[in-house]
Amino acid sequence: MSHANVCHDDRTNHFKKSFIFFCNRGLKAQCVDRWNFIFRLFRKYGYVTLYSEDQPDFASFWYRLKGFCEQPTDHYTRPYYLAHARETGDQGVVCLGSQPSFQRIFDYLRSFNKAYPDTLKFSFTFFCLGHEDFNHLGYTQNALLKLIQDYRHDGHLNNTIMMLFGDHGTRYGDIRSTVIGKLEERLPFFSITVPPWFRRKYRSFVKNMEINSERLTTPYDVHLLLKDLLFYPQKTKLDRGKSLFEEIELSRTCETAKIPQHFCPCLVWKPVDLNHKHITLSAQSAVDYMNKLVEDKGLSHKCEKLRLKLVNNAVKVEPNTAVQKYSQETSDAREGGLKIKAIL
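Residues numbered from 1 in each chain as written. Predicted model: local features only at pLDDT ≥ 70, side-chain atom pairs only at ≥ 80, totals over all residues. Heavy atoms only, no water.

Points about the state of the cysteines
Here a disulfide denotes one covalent bond, and it connects the sulfur atoms of two cysteines.
Right, so step 1: In the structure shown here, the tally under the stated rule is two disulfides.
Right, so step 2: Residue C31 pairs covalently with C69 via a disulfide, S to S 1.7 Å. Note that C31 is positioned in the loop between α1 (11–19) and α2 (38–44) and C69 in the loop between β1 (48–53) and β2 (75–76), a separation of 38 residues in sequence.
Right, so step 3: A sulfur-sulfur distance of 2.0 Å marks the disulfide that ties C254 to C264. The disulfide joining C254 to C264 has a torsion of about 80° about its S-S bond and is therefore right-handed. With C254 in the loop between α9 (219–231) and β8 (267–271) and C264 in the loop between α9 and β8, this pair connects stretches of sequence that are 10 residues apart.
Right, so step 4: A relative accessible area of 3% means that C254 is categorised as buried. (Disulfide = S-S within 2.5 Å. Helix = DSSP H or I, 4+ residues; strand = E, 2+ residues; numbered from the N terminus. Buried < 20%, exposed > 50% of the residue type's maximum accessible area, 1.4 Å probe, protein only.)

Written out as structure tokens, the structure is:
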């Protein structure tokens, strides 16, 4: 997969769609324990579960909600992060003591795997490094690569569905007010890695996921994929969404996918007057650029110089008006980042 469209403008709502079967807005004033989180379903069917997230004051289910009143998973790091924040006044995004916070999370995942070598496992970990500046994610590159290499070396990738994803793209700074920034915010990175034997045994699933990487997808589709992992070959049906193991229709629209118009990433193609000066200038610039490439390579004596003859067609591609005018996106520098989720 390459991207999965968001349906809301905050991490809380985004995760609700992936991990909860149904959410009632009237529950916002209460603890979220009564919601049907997917990891509880995995636990019911014999999985040991883990949920870890930094930034306790701004965590997914606490930022706009009251969070969990009871421990939601078998392994749960919120008390640890709360204690760290209370003792240091720091949310644990960059460092925990002298160790990078992401390294502590990766080590926690390693110990989780070692503690239950022959038991089904579901883990969801989240860290916010990179939200204010996505370049900070580069700090995690070597450690993340090492974690994946260790998983492969230790055989975990032979029985693991691993998902790496963000809840949104770049969402901080001036870029957020641009058209590209609005699309970036609505199209977070999303990837799925499956075991080699899975690719051979379930070729149609893998083929459909590859096709869906170029289709309009949402967290609802991820939710149904997770249920497929539990109940296959039985199919789970919801009033919205379609498992990513099934081919998403090319004709799917934001309306049929239940994506609000102000979060719809689909672009509108509008014909442009061919006689407009910007069209001629743009076309001429493209021709000039190609000629310069030939010249820079010292091949002018071998190639005919290109000249603009005519422009046959011109269109303006832009997001819908609701996306361009949407302005209720207040800065939330504390929110977001890279998420890692592994199902074993």
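What to know about unusual backbone geometry
Right, so step 1: Omega for the bond connecting Y232 with P233 falls within 30 degrees of zero, at 10°, which places this linkage in the cis form.
Right, so step 2: Tracing the backbone shows P233 in the loop between α9 and β8.
Right, so step 3: Positioned with a positive phi, Q55 is a non-glycine residue whose angle comes to about 50°.
Right, so step 4: As for its position among the elements, Q55 is in the loop between β1 and β2.

Side note on the nonpolar core
Right, so step 1: Counting 55 residues, the largest nonpolar core has F68, F106, M163, I192 and L225 as the members making the most contacts within it.
Right, so step 2: In terms of nonpolar packing, the next biggest core, distinct from the first, is built from seven residues, L216, C254, A257 and Y326 among them. (Core = buried A, V, L, I, M, F, W, Y, C linked by side-chain atoms within 4.5 Å.)

Notes on the side chain of N291
Right, so step 1: The residue N291 is located in helix α10 (residues 277–296) in this model.
Right, so step 2: Discounting residues that sit within four places of it in the chain, N291 has contacts with K305 and L306. (Contact = heavy atoms within 4.5 Å.)

What about a nonpolar patch on the surface?
Right, so step 1: Together, L267, W269, V315 and V317 make up an exposed nonpolar region whose accessible area comes to about 390 Å².
Right, so step 2: Of all the elements in the fold, those that place two or more residues in the nonpolar patch are β8 and β9 (315–319).
Right, so step 3: Assignment of secondary structure puts W269 in strand β8. (Patch = residues over 30% accessible without salt bridge, like charges linked within 9 Å, V, L, I, M, F, W, Y side chains within 5 Å. Areas by Shrake-Rupley, 256 points an atom, 1.4 Å probe, with all protein chains shown as cover. Salt bridge = Lys/Arg side-chain N within 4 Å of Asp/Glu carboxyl O.)

A look at the confidence of the model for the chain
Right, so step 1: Taken as a whole, the chain shows an average pLDDT of 85; of its residues, 86% reach a score of 70 or greater.
Right, so step 2: Of all the helices and strands in the chain, strand β10 (residues 338–343) carries the lowest mean pLDDT, 34, while helix α8 (residues 203–212) carries the highest, 97. (pLDDT = per-residue confidence, 0-100.)

Details of the pattern of salt bridges
Right, so step 1: With the rule as written, the count across this model stands at 16 salt bridges.
Right, so step 2: A salt bridge links R40 to D33; the shortest N-O distance between them is 3.8 Å.
Right, so step 3: On the accessibility criterion, R40 (27% relative accessible area) is partly exposed.
Right, so step 4: What makes D33 buried here is its relative accessible area of 17%.
Right, so step 5: Residue E318 is joined to K316 by a salt bridge in which the shortest nitrogen-to-oxygen separation is 3.5 Å.
Right, so step 6: Exposure remark for K316: the relative accessible area of 48% places this residue in the partly exposed category.
Right, so step 7: One connected set of salt bridges, linked through shared partners, spans D107, R110, K146 and D150.

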